[in-house]
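The chain contents come next:
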Amino acid sequence: MEQEIKYIKVADLVLWTENPRDPISKDAKDQDVVNRALTNTDGTWDIKKLAKSMGETYDFSELPTVVYEDDKPIVYDGNRRVIIGKIIHRLVESPIIIDEVPSFPDEIPCNVCSKDTALKNVLRKHGESGSWKPLERDIFISKYNLGEKSDFLIIDECTGIITANPILNQGFVRKEIFNPSTMTKLGLKITDGHLVSQHTKSELRKIFDDVILKIKDKKITTRSSRGKVYDVLEQDTRDILENNKEHEYTLSPKLYIPQKKEAEQTCKNDTNNIEKNDSATSLIRKTKRIQEPEFPFFGKDLYLRAGIVNNLYRDILDLHRFYKSQKLSKSFSGILRMSLRLLCETASSSCKSTDIKPYILKYFDEAKKQIDQNQKTLLANQNVTKDSLTQLLHTGRMVIKVHVIMNRH
C-alpha cells in the first residue's frame, strides 16, 4: 500500500511523539503531547493561531498523514489539527478554549500510507518551508536515513554548541557561518564525520563564545558582515586563530553539556500546574513555574576532622558566600574550581599520596551512596562520573558535588 484515503475517528488517532517540531518521550501519551503543545512559548506549535485560521468548518482537503503501527493510527503529519479536534471533542484536557472551529467532525479523512512514504511526505512539506528549525530538520534526515548527515548536525553532536545555544539554530548560521569556507578561517573542518580543530579546548570555547556574542549583538546577521565573520571577532580571538594556523587538526572535545530538554521527558498530566492568564485577551493558560532545587556548594554542610583540610574547606565556603553576595564576573567561578582541585590535592597529600586520581577513585563510590537522587541526577546531567571527575578538575569544567570524595574527613 502506498497511499489510501480512510476516514478515522479523531478519538482513535494517536499523536506522533517523534514530531521533529518538538520531540517528546516515545512513551508519552496524547495528553502529554497536548500539554507540551499548549505550554510551548516559542511559536513552535501555536495551536490557537491555527484554530483561528481554520475558519468555521473543518477543511477536508487538508489530510493528516497516518501510519498504522501495531494497529494504531499514528499521525505523522497534521498533529496540530488533530490536537484541536481532540480538544473540541473533550478527548484530552486543555486550558485553552477553542470555539473558532465548532463543526470539527468525529471522523476525518486521512492519508494512510507506509512509514517510508509518510516520512518523505513530511520532509517534503516541512523541510524547506521554515516550519522546522535547521537542526531539527537535519536530525530528522539523519535519523530516518533520508540523506547524509549535515556538517551542522556533526558540529552539534561533537560540541553540543547549537543545542546549548538556540540562537545558532538559524538558517543563515547554518549556511553562512558553519560552512566549509568560514570554518576553515576559524581553524575548523569536518573529517570522516567528526569536527576537528587547530585549537585547545579553552581556545575553541572562546572562539565559539565570541561568535555567539556577535550574533546576539547583531554584528553578524543576514545583512551585516555576511561572509566576514573573522573581521568582526575580538582581537584576542583573531590572535588565537593567527597563532594556531600551523597547528595540526585534532578531534574537537564536547564543549557544552546542555540541560535535558523538557520536551524529551514525558510530561505529567497535572492540570493543577496550569494557571489562568490574567490577560482578558488571551485564552491560553500558562504552566506554573516550579521551584528548582538549590544545592549547597558542597551538597550539604560537612563536619570534617580538625586540620588543614577542614581549614581549606571553610575558606572555600567563605569564598563561595562572597561570590554569591557580590556582583562578580563569571570568571570568578574559575577560582572556585581551582580551589576544589586544591582541596582534593590537600586531602590526598594528607593520606601520603601525590596524585588525586587514586584518592578520587578510592572514595567516589562510597561517598556517592550518601547523596540523594536529585544530587545524583545533577551529577549525571553535568557528566560528573567516577572516570571523568579527575579530568574535569584538571580542565576546568564546571564541577558540582566535589564533596562526594570529602565525606571521609
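Quick caveat, the model's predicted, so the values are computed rather than measured.

Caption draft 1: Focus on the overall build of the protein. Of regular secondary structure, the protein possesses 17 helices and 10 strands. Burial status across the protein gives 43% buried among its 409 residues. Partitioning the contacts of the protein with sequence separation of at least 6, the portion at a separation of at least 24 is 66%. Accessible surface for the protein amounts to roughly 23,300 Å². Of this, 47% is attributable to carbon and sulfur atoms.

Caption draft 2: Structural context of the confidence of the model for the protein. Per-residue pLDDT for the protein averages 78, and the proportion of residues at 70 or more is 78%. A low-confidence stretch, residues 260–293 (pLDDT under 50), is modelled with 53 contacts involving residues beyond four sequence positions or located in other chains. Here residues 397–409 is a poorly scored stretch, pLDDT under 50, and it has 58 contacts once near neighbours within four places are set aside; other chains count.

Caption draft 3: Seen up close, the pairing of strand β7 (residues 194–197). Inspection of the sheet shows strand β6 (residues 188–191) paired to β7 by four bridges, in the antiparallel sense. Looking at the pairing, Leu188 lines up with Ser197 of β7. Note that β7 and strand β8 (residues 250–251) share two bridges and pair antiparallel. Within β8, the residue paired with Val196 across the bridge is Leu251.

Caption draft 4: Representation of the side chain of Asp77 within the structure. On the secondary structure map, Asp77 appears in strand β4 (residues 72–77). Taking relative accessible area as the criterion, Asp77 reaches 6% and is therefore assigned buried. In this structure the side chain of Asp77 is engaged in a polar contact, spanning 2.7 Å, whose partner is the side chain of Lys125. Filtering out sequence-adjacent residues up to four positions away, Asp77 remains in contact with Pro64, Thr65, Val122, Lys125 and His126.

Caption draft 5: Structural view of the packing of helix α10 (residues 201–216) against helix α12 (residues 235–243). Two elements in contact, α10 and α12, have axes whose closest approach is 10 Å; the angle formed by their N-to-C orientations is 135°. Between α10 and α12, the angle falls in the class oblique. The chirality of how α10 crosses α12 is left-handed. Every residue of α12 that contacts α10 at Glu203, Lys206, Ile207 and Asp210 is listed here: Asp236, Thr237, Ile240 and Leu241. By residue class, the composition of the contact of α10 with α12 is three nonpolar, one polar and four charged.

Caption draft 6: Highlighting the sheet that holds strand β5 (residues 107–113). As summarised here, the arrangement of the five strands in space is β1-β5-β3-β4-β2, forming an open sheet in which the pairing is mixed. Edge positions in the sheet fall to β1 (3–9) and β2 (14–15), since each of these pairs with one other strand and no more. Here strand β3 (residues 65–69) runs beside β4; their pairing, made up of five bridges, is antiparallel. From the neighbouring strand, Glu69 faces β4, where its bridge partner is Lys72. Relative to β4, helix α4 (residues 115–126) is tilted by about 25°, and along the sheet it contacts β1, β3, β4 and β5.

Caption draft 7: Seen up close, unusual backbone geometry. Backbone geometry places Asp71, a non-glycine residue, at a positive phi of 65°. Mapped onto the elements of the fold, Asp71 is located in the loop between β3 and β4. With a phi angle near 55°, Asn145 is a residue other than glycine that sits in the positive phi range. Note that Asn145 resides in the loop between α5 (134–143) and α6 (151–159).

Caption draft 8: Inspection of α5 at higher detail. Within α5, seven of the 10 residues are buried, leaving the element largely enclosed by the surrounding structure. Among the structural elements, α4, α6, α7 (161–164) and α8 (171–176) are those in contact with the buried residues of α5.

Caption draft 9: Quick look at the packing of aromatic side chains. Per the stated rule, a full pass over the model turns up 10 aromatic pairs. Ring geometry for Tyr58 and Phe104: centres 4.6 Å apart, planes at 55°, overall tilted. Of this pair, Tyr58 sits in the loop between α2 (47–53) and β3 while Phe104 sits in the loop between α3 (79–88) and β5, and the two are 46 residues apart along the sequence. Geometry around Tyr249 places Lys189 over its ring, the cationic atom sitting 4.3 Å from the centre.

Caption draft 10: A look at the sheet that holds β8. The three strands lie next to each other as β6-β7-β8, forming an open sheet whose pairing is antiparallel. Each edge of the open sheet is held by one strand with a lone partner, namely β6 and β8.

Each value, and the rule that gives it
- Residues numbered from 1 in each chain as written.
- Predicted model: local features only at pLDDT ≥ 70, side-chain atom pairs only at ≥ 80, totals over all residues.
- Heavy atoms only, no water.
- Helix = DSSP H or I, 4+ residues; strand = E, 2+ residues; numbered from the N terminus.
- Buried < 20%, exposed > 50% of the residue type's maximum accessible area, 1.4 Å probe, protein only.
- Contact = heavy atoms within 4.5 Å.
- Areas by Shrake-Rupley, 256 points an atom, 1.4 Å probe, with all protein chains shown as cover.
- pLDDT = per-residue confidence, 0-100.
- Pairing = 2+ DSSP bridges.
- Polar contact = N/O pair within 3.5 Å; in protein donor to acceptor, adjacent residues only side chain to side chain.
- Axes fitted to C-alpha atoms, helices over the stretch in contact; angles between N-to-C directions.
- Parallel < 35°, antiparallel > 145°, perpendicular 65-115°, else oblique.
- Left-handed = near helix turned anticlockwise from the far one by under 90°.
- Nonpolar A, V, L, I, M, F, W, Y, C, P; charged D, E, K, R; others polar.
- Phe/Tyr/Trp six-rings, centres within 6.5 Å; stacked < 30°, edge-to-face > 60°.
- Lys NZ or Arg CZ within 6 Å of the ring centre and 35° of its normal.

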